[in-house]
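Here's the letter readout for the chains.
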Amino acid sequence: MNTVLSLTGISKSFGKVPILHGVDLDVHEGEILSLLGPSGCGKTTILRIIGGFERPDRGRVVLAGKDITDVPPHRRPVNIVFQRYLLFPHLSVFDNVAFGLRIDKVGKRDIERRVREALELVGLEDLADRRATQLSGGQSQRISLARALVKRPQVLLLDEPLSALDQKVRISMQAELRRIHRETGTTFVYVTHDQQEAMSLSNRVVVMNAGRIEQIGTPADVYHRSATKFVSGFVGDANLVAVEALDSAGDGTEVKVVETGQRLRLRQTLPQREAVLVVRPELLRLSATGDDGLSGTISDIAFLGSAVQFHVDLDGMTLRVQEPAGAAPLTLGVGDVVRVVLPDHPVHVLTD
Amino acid sequence: MSLLRSRRRSPGLYLAVVLAFLYLPIAVVVLFSFNSSSTLNLPIKGFSLRWYEAVLTDPTYTSALRNSLIVAVVCAIITTVLGTLAAFGLTHVSPRVRPWLAVLFFAPITLPGLFLGLSLLAWFAKLDIELSLWTVAAAHVVYTFPYFLLVAQSVLDRIDPQYDELAADLGASSLLRFTRVTLPMTWPVLVAGGMLSFVLSFDEFFITFFVIGPQSTVPLVIYSAMRRAIDPSINAFATLLLLVTFLSGVVIAVLARTGRAARKGVKAS
Ligand SMILES: Nc1ncnc2c1ncn2[C@@H]1O[C@H](COP(=O)(O)OP(=O)(O)OP(=O)(O)O)[C@@H](O)[C@H]1O
Ligand SMILES: [Mg+2]
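Residues numbered from 1 in each chain as written. Chains lettered and ligands numbered in written order. Predicted model: local features only at pLDDT ≥ 70, side-chain atom pairs only at ≥ 80, totals over all residues. Heavy atoms only, no water.

**Side note on the sheet that holds strand 13 (residues 263–266) of chain A**
Residues and elements named next belong to chain A.
Then, in step 1: In space, the five strands of this open sheet follow the order 13-12-11-14-20, with antiparallel pairing throughout. The open sheet has two edge strands, strand 13 and strand 20 (348–350), and neither has a second partner. For this sheet, the mean inter-axis angle between neighbouring strands, taken without regard to orientation, is 45 degrees.
Then, in step 2: One ladder, built from three bridges, connects strand 14 (residues 274–279) with strand 20; its direction is antiparallel. When the sheet's bridge partners are listed, Val278 is paired in strand 20 with His348. (Pairing = 2+ DSSP bridges. Helix = DSSP H or I, 4+ residues; strand = E, 2+ residues; numbered from the N terminus. Axes fitted to C-alpha atoms, helices over the stretch in contact; angles between N-to-C directions.)

Pasting the structure below:
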């Protein structure tokens, strides 16, 4: 796996406000890497540093082995698709896409061919002669994409390119982006604060919080093996259950749930006496009978379409349980006493 | 009921009175410019273009017209170039310095023409510059510059700075960003500002009066003709002045609209 872009020790403040605290990041050739994090955590700032629009206070940016920290944006072989899809209003769609090639003094025939190819790639070859001001939001964003891709950047930077579009268009554009990525093989660095988008698009996800990287990993890594409480809560929903090991026998452990005092048998050994179980709601099951798991009272039921979500109050904590809609026990109602059962396999554990 | 209705009608009446107050004097001048008789009495005797013919064949008037055009065109060109540089400069300096610079650039707008004329005269005298149409044009640049900047800035301030970053991202150096993006997106407004400066210069009186040499311009000729005797050709001459101003006004309005429409199209979301 070749590293095409690497950031080392990037720090940045605006005025006296520190925004990034020593970010280290390697981007592999040909991957889609997502920067995922809450609003204001510094995702756009990282992208702007890669694009050359902001200068880091400390740290280096290295692209294909060359230090580009001090290279101005117009000399960097990377291109960006901004969150607000801006097309040059005085140019036609064709001329918008051709803009960068004309700047580079590419020959007329090559421009014609490459622009057509780029428009075909985003499925808008029929709109070449339109005025830039006569396009819908989704079309404008595709043109922005074509305009950046036509320059064949070593890395394509995308700053929440779909966030201004409505839900339906957004989902279809995600599939479109995956296809375009497959067809061009370009490396994407993709900023989003939508965890679903990050998971479905990327080869690897970088989860950020307050100017720091919390975890870098595949979507499955960050989802099933979250490195921190923050990641587990930001990437999907997670029940965090603090436990204390009482007694371990064979490959199982008897633990006490700290908040409720209830006892529970785990099918794994714990790395240390005190730990936090990270259990996704869909991994838990409800059972009206038996003495497995933890006992609680249903306090809320919400129908989510493909699943049904239950809130189960235990003494001092609430667990969220998600049953597939078809399998959900329909006889259960608010107020019923149930048992919450953990999966058969070992659950993810955080220690600190 | 009737009380209500009369109340509702009265704003229309007030507006009519105000409009009459504003435009009747102008209408009278235009009307008399087509009068076939030389007496300034209403109603006019008949329609004729004799005063226009008189104006366009009298060298006093034609040379004044030519001088005014030369001064106004030169002034408009210089103001447009300097003003454009200043306007773009202002959008690129740090936000902390900008208001102070803007005050410096806009301040001359508050100076009375009398004062500007006097101080410029003193300045030209000090530098031993002979008074001519060129000194008038230079003085008019000082006078119209802030107005140009006002028009240009109002638009440049609202142009999304991200266009500049976008062009840079696509490989454009700062010069190419200016010629390929900023200028094509803003030229209608810059031309409108230039036209405004043309109009302001064309009928400027006070400053011209101080800094002009042996020549004369349209407003000066009208003024001195009025002092001598009431010559009806003045009405035709003033109407021509009005026509130039009015047409320029229309062009300015259209250009300003074009500029605004272009920017509106941008916010497609
Ligand atoms: N030019 C600037 N001057 C001052 N502060 C800035 C500037 N740009 C960004 N910031 C601040 O830096 C912080 C991080 O901004 P950034 O745009 O990188 O966040 P983000 O993760 O992209 O958030 P979002 O999801 O809302 O786009 C924010 O608190 C923002 O207010
Ligand atoms: Mg952002």
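Now, onward.
**Points about the UniProt feature "domain: ABC transporter" (unreviewed entry) in chain A**
Then, in step 1: Mapped onto this structure's residue numbering, the UniProt feature "domain: ABC transporter" (unreviewed entry) falls at residues 5–235 of chain A.
Then, in step 2: Along residues 5–235 of chain A one finds 36% helix and 27% strand; the C-alpha atoms at either end are 25 Å apart. (UniProt positions renumbered as here; feature names shortened; annotations may be inferred.)

**What about the interface of chain B and chain A?**
Interface extent is often summarised as the accessible area lost during association of the parts.
Then, in step 1: Every contact between the two is made by 23 residues of chain B and, on the other side, 23 residues of chain A.
Then, in step 2: Across the interface of chain B and chain A, roughly 2,200 Å² is buried in total on both sides, 63% from carbon and sulfur atoms.
Then, in step 3: Looking at the side of chain B facing chain A, the largest losses of area belong to Gln162, Asp169 and Leu170 of chain B, adding up to 31% of the total buried there.
Then, in step 4: Taken together, the links from chain B to chain A amount to two salt bridges. (Contact = heavy atoms within 4.5 Å. Buried area = accessible area lost by both parts, 1.4 Å probe. Salt bridge = Lys/Arg side-chain N within 4 Å of Asp/Glu carboxyl O.)

**A word on the nonpolar core**
Residues and elements named next belong to chain A.
Then, in step 1: The biggest cluster of nonpolar side chains holds 43 residues, and the ones touching the most others in it are Leu5, Ile46, Phe88, Phe99, Val155 and Leu157.
Then, in step 2: Apart from residues no more than four positions distant in its own chain, Ile46 is found in contact with Leu7, Leu20, Val23, Leu35 and Met208.
Then, in step 3: Core analysis: the second largest hydrophobic core is formed by 36 residues, Val122, Met173, Ile180 and Leu201 among them. (Core = buried A, V, L, I, M, F, W, Y, C linked by side-chain atoms within 4.5 Å. Buried < 20%, exposed > 50% of the residue type's maximum accessible area, 1.4 Å probe, protein only.)

**Focus on the site of ligand 1**
Residues and elements named next belong to chain A.
Then, in step 1: In the vicinity of ligand 1, the contacting residues are Phe14, Ile19, Pro38, Ser39, Gly40, Cys41, Gly42, Lys43, Thr44, Thr45, Glu160 and His193.
Then, in step 2: Measuring from an oxygen atom of ligand 1, one finds a backbone N or O atom of Gly40 at 2.7 Å.
Then, in step 3: In isolation ligand 1 exposes 630 Å². Once the protein is present, 58% of that is buried.
Then, in step 4: By residue number, the principal contributor to the shell around ligand 1 is helix 1 (residues 43–51), which donates three residues.
Then, in step 5: For the shell around ligand 1, the residue count by class is four nonpolar, six polar and two charged. (Near = heavy atom within 4 Å. Polar contact = N/O pair within 3.5 Å; in protein donor to acceptor, adjacent residues only side chain to side chain. Areas by Shrake-Rupley, 256 points an atom, 1.4 Å probe, with all protein chains shown as cover. Nonpolar A, V, L, I, M, F, W, Y, C, P; charged D, E, K, R; others polar.)

**Some words on the packing of helix 3 (residues 59–92) of chain B against helix 10 (residues 218–228) of chain B**
All names here are of chain B.
Then, in step 1: Contact geometry of helix 3 with helix 10 gives a least axis separation of 8 Å together with a crossing angle of 145 degrees. The residues of helix 10 that touch helix 3, namely those facing Thr60, Tyr61, Ala64, Leu65 and Ser68, are Val218, Pro219, Val221 and Ala225.
Then, in step 2: Considered class by class, the residues forming the contact of helix 3 with helix 10 number seven nonpolar, two polar and no charged.

**Here's the deal with the sheet that holds strand 9 (residues 204–209) of chain A**
Residue and element names in this part refer to chain A.
Then, in step 1: Read from one edge to the other, the open sheet built from six strands follows the order 6-7-8-3-9-10, with strand pairing classed as mixed. What marks the edges here is a single partner per strand, and that holds for strand 6 (78–81) and strand 10 (212–217). In this sheet, neighbouring strand axes are inclined to one another by 20 degrees on average, regardless of whether the strands run parallel or antiparallel.
Then, in step 2: Across four bridges, strand 6 lies against strand 7 (residues 155–159) in parallel orientation. Each residue of the ladder has a partner; that of Val81, found in strand 7, is Leu158.
Then, in step 3: Together, strand 3 (32–36), strand 6, strand 7, strand 8 (187–192) and strand 9 form the strand contacts of helix 1, whose direction differs from that of strand 7 by roughly 150 degrees.

**With respect to the domain arrangement of chain A**
Residues and elements named next belong to chain A.
Then, in step 1: Once the domains are mapped, chain A shows domain 1 (3–234) and domain 2 (239–350).
Then, in step 2: For domain 1 and domain 2, the distance between their C-alpha centres works out to 40 Å.
Then, in step 3: Taken together, the contacts link nine residues of domain 1 with seven residues of domain 2.
Then, in step 4: Summed over both partners, the interface of domain 1 with domain 2 buries about 700 Å², with 54% contributed by carbon and sulfur atoms.
Then, in step 5: In terms of surface lost to domain 2, no three residues of domain 1 exceed Tyr223, Lys229 and Ser232, which account for 64% of the buried area on that side. (Domains from an automatic or database assignment.)

**Digging into the pattern of salt bridges**
A side chain of one charge can pair with a side chain of the opposite charge if their charged atoms are brought near each other.
Then, in step 1: Tallying each qualifying case throughout the model produces 21 salt bridges over all chains.
Then, in step 2: A salt bridge links Arg84 of chain A to Asp160 of chain B, with the nearest nitrogen and oxygen atoms 2.3 Å apart. Linking Arg84 of chain A in the loop between strand 6 and helix 2 (93–103) with Asp160 of chain B in the loop between helix 6 (133–156) and helix 7 (162–169), this pair reaches from one chain into another.
Then, in step 3: Between Asp104 of chain A and Lys151 of chain A there is a salt bridge, with its nearest N and O atoms 3.0 Å apart. Placement of the pair is Asp104 of chain A in the loop between helix 2 and helix 3 (108–121) and Lys151 of chain A in the loop between helix 4 (137–149) and strand 7, with a sequence separation of 47 residues.
Then, in step 4: Asp104 of chain A gets classed as partly exposed once you look at its relative accessible area, which sits at 42%.
Then, in step 5: In this structure Lys151 of chain A comes out as buried when scored by relative accessible area, which is 16%.
Then, in step 6: The structure contains a network of salt bridges with shared partners spanning Arg55, Arg60, Asp67 and Asp70 of chain A.

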